[in-house]
Amino acid sequence: MPQPDHTEARGAETSSTAPEKPVRHPAPPYAVDEMISAKTIAARVEDLARDITRHFHDTEQLVVVGLLRGSFVFIADLVRELRLPVEVDFLEASSYGDAMTSSREVRIIKDLSGEIAGRDVLVVEDIVDTGFTLSHVTQLLRTRSPRRLEICALLDKPSRREVDIRATWTGFEIPDEFVVGYGIDYAQRNRNLPHIGKVRFLG
Ligand code: IMP
C-alpha cells in the first residue's frame, strides 16, 4: 500500500504563536468500498448503549470521554441511546498524525476539561489498532482515580495488536484494513461518510 507523505495535520501538534500554514500533499487516488452500512452501525450502537446503560445503571452521572477526533460521530450517536445521566468531555491524543501506521508514541494534545476523580468514566474510541493510544490514555486516566473506568470502541483490529488491551465493549471486529467514515479519516478526509468503508488505492 503506498505510504503518502502526510504533513497536513502536523500544524496542530506544534505550539507556536503564529498559526502554521498547512502544506497539502495530494493523497494517491483511492476509492472507498463500503464495509459496514449506516443501518448496521445504528443497530449495533443501540445494542452497545443497552449494555452500557445496564452496567452503569446506578451511576450518579457518567462522564463519557470521547477520544478526538475519530470518535465524534460515534459518541454523538451513543450518548443519545444511553438511558443514564451523562456528561461529555473530550481528550485528544496523537499517534497517527496523518499517516496510515501508528507512530507508537502517544502524546496528549488536548486534556479533559473536567475532573474524573471518584466518578464513573466511559472512554469512547473509534478504532483499537496497535492498542498504544488506548493503553496510554487509560493508564493516564486511571492515575486520576476514577470510581469505575470502562472502554467502548466502535472498531477493533485484533490482528494488529501490539499492546495487551481490550475494550469492555466493541462494536465490530474488523480485518487489517485501513478504514474511513463515520468520523474516521484518511488524512482528514471522509469523516462525513455515514458508513464505514475500506480504502482501496487505485493504479
Ligand atoms: P493505535 O494506537 O494503533 O491503537 O491507534 C488508534 C488510532 O489510530 C485510532 O484512534 C485511529 O485514530 C487511528 N487508526 C487506526 N486504524 C485506523 C484506520 O483504519 N483508519 C483511520 N484511522 C485509524
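For the structure, check the block above.
Residues numbered from 1 in each chain as written. Predicted model: local features only at pLDDT ≥ 70, side-chain atom pairs only at ≥ 80, totals over all residues.

**Student:** Help me understand the overall build of the protein chain in this model?
**Tutor:** Across its full length, the protein chain carries three helices and nine strands. Across the protein chain, contacts joining residues at least 24 apart in sequence account for 66% of those joining residues at least 6 apart. (Helix = DSSP H or I, 4+ residues; strand = E, 2+ residues; numbered from the N terminus. Contact = placed C-beta atoms within 7 Å.)

**Student:** When you look at the nonpolar core in this model, what are you seeing that I'm missing?
**Tutor:** Generally speaking, nonpolar side chains in soluble globular proteins are found buried as a group. If you look at the biggest cluster of nonpolar residues, it comprises 39 residues, and the most contacted ones within it are L122, V123, V124, C152 and A153. Every element with two or more residues in this core is listed here: α1 (38–55), β2 (62–68), α2 (72–79), β5 (120–128), α3 (132–142), β6 (148–156) and β8 (179–180). Contact partners of L122, with chain neighbours within four places excluded, come to I52, L62, V64, V65, E150 and C152. (Core = buried A, V, L, I, M, F, W, Y, C linked by C-beta atoms within 7 Å. Buried ≥ 20, exposed ≤ 12 C-beta atoms within 10 Å, placed from the backbone.)

**Student:** Could you clarify how one ought to interpret α3 in this entry?
**Tutor:** Residue pairs spaced three or four apart in an α-helix point in one direction, given the helix's 3.6 residues per turn. For α3, the complete set of buried residues consists of F132, T133, L134, V137 and T138. Against β2, β3 (86–94), β5 and β6 lie the buried residues of α3.

**Student:** What is the right way to look at the sheet that holds β8 in this model?
**Tutor:** Backbone hydrogen bonds are what pair the strands of a sheet, in a parallel or an antiparallel way. A sheet is described by the order of its strands in space; here three strands give the open sequence β1-β9-β8, paired in antiparallel fashion. The sheet is open, and its two edges are formed by β1 (30–36) and β8, each paired on a single side. With six bridges joining them, β1 and strand β9 (residues 196–201) adopt antiparallel strand pairing. When the sheet's bridge partners are listed, D33 is paired in β9 with K198. (Pairing = 2+ DSSP bridges.)

**Student:** Explain the sheet that holds β3 here, please?
**Tutor:** Spatially, six strands are ordered β4-β3-β2-β5-β6-β7 in an open sheet, and the strand pairing comes out mixed. Sheet topology places β4 (107–110) and β7 (169–173) at the edges, where each strand pairs with a single neighbour. Pairs of neighbouring strands in the sheet enclose a mean axial angle of 25°, with direction left out of account. On top of the sheet, α1 reaches β5, β6 and β7; it is set at about 160° to β7, its chief contact. Set on the sheet, α2 makes contact with β2, β3, β5 and β6; between it and β2 the angle comes to about 160°. (Axes fitted to C-alpha atoms, helices over the stretch in contact; angles between N-to-C directions.)

**Student:** How do you make sense of unusual backbone geometry when you look at a structure like this?
**Tutor:** Generally, phi is negative for residues other than glycine and the peptide bonds are trans, each holding for most cases. Of the consecutive residues L68 and R69, the connecting peptide bond is found in the cis state with omega at -5°. Along the polypeptide, R69 turns up in the loop between β2 and α2. Of note in this structure, Y182 is not a glycine but carries a positive phi near 55°. Secondary-structure assignment places Y182 in the loop between β8 and β9. For Y182, a count of 27 C-beta atoms within 10 Å corresponds to the buried category. Here the phi dihedral of A187 falls at roughly 50°; this positive angle occurs in a residue that is not glycine. The topology assignment puts A187 in the loop between β8 and β9. Of the residues examined, A187 has 21 C-beta atoms within 10 Å and is grouped as buried.

**Student:** Explanation requested: α2 in the structure shown.
**Tutor:** When we look at burial in α2, the residues that qualify are V73, F74, I75 and L78. Each element contacted by the buried residues of α2 is listed here: α1, β2, β3, β5 and β6.

**Student:** Where do I start with the environment of T53 in this structure?
**Tutor:** Relative to the helices and strands, T53 resides in helix α1. C-beta crowding within 10 Å serves as the criterion here: with 15 such atoms nearby, T53 is assigned to the partly exposed category. In the structure, T53 is positioned 28 residues away from E81 in sequence and 8.8 Å away in space, judged by C-alpha atoms. With sequence-adjacent residues up to four places away left out, T53 is seen in contact with L82, R83 and L84.

**Student:** Just to check I follow, could you spell out the pairing of β9 for this structure?
**Tutor:** Working note: regular strand, side chains alternate between the two faces of the sheet. In terms of strand pairing, β8 meets β9 through two bridges, oriented antiparallel. Residue V180 lies in a different strand from β9, and its bridge partner there is G197.

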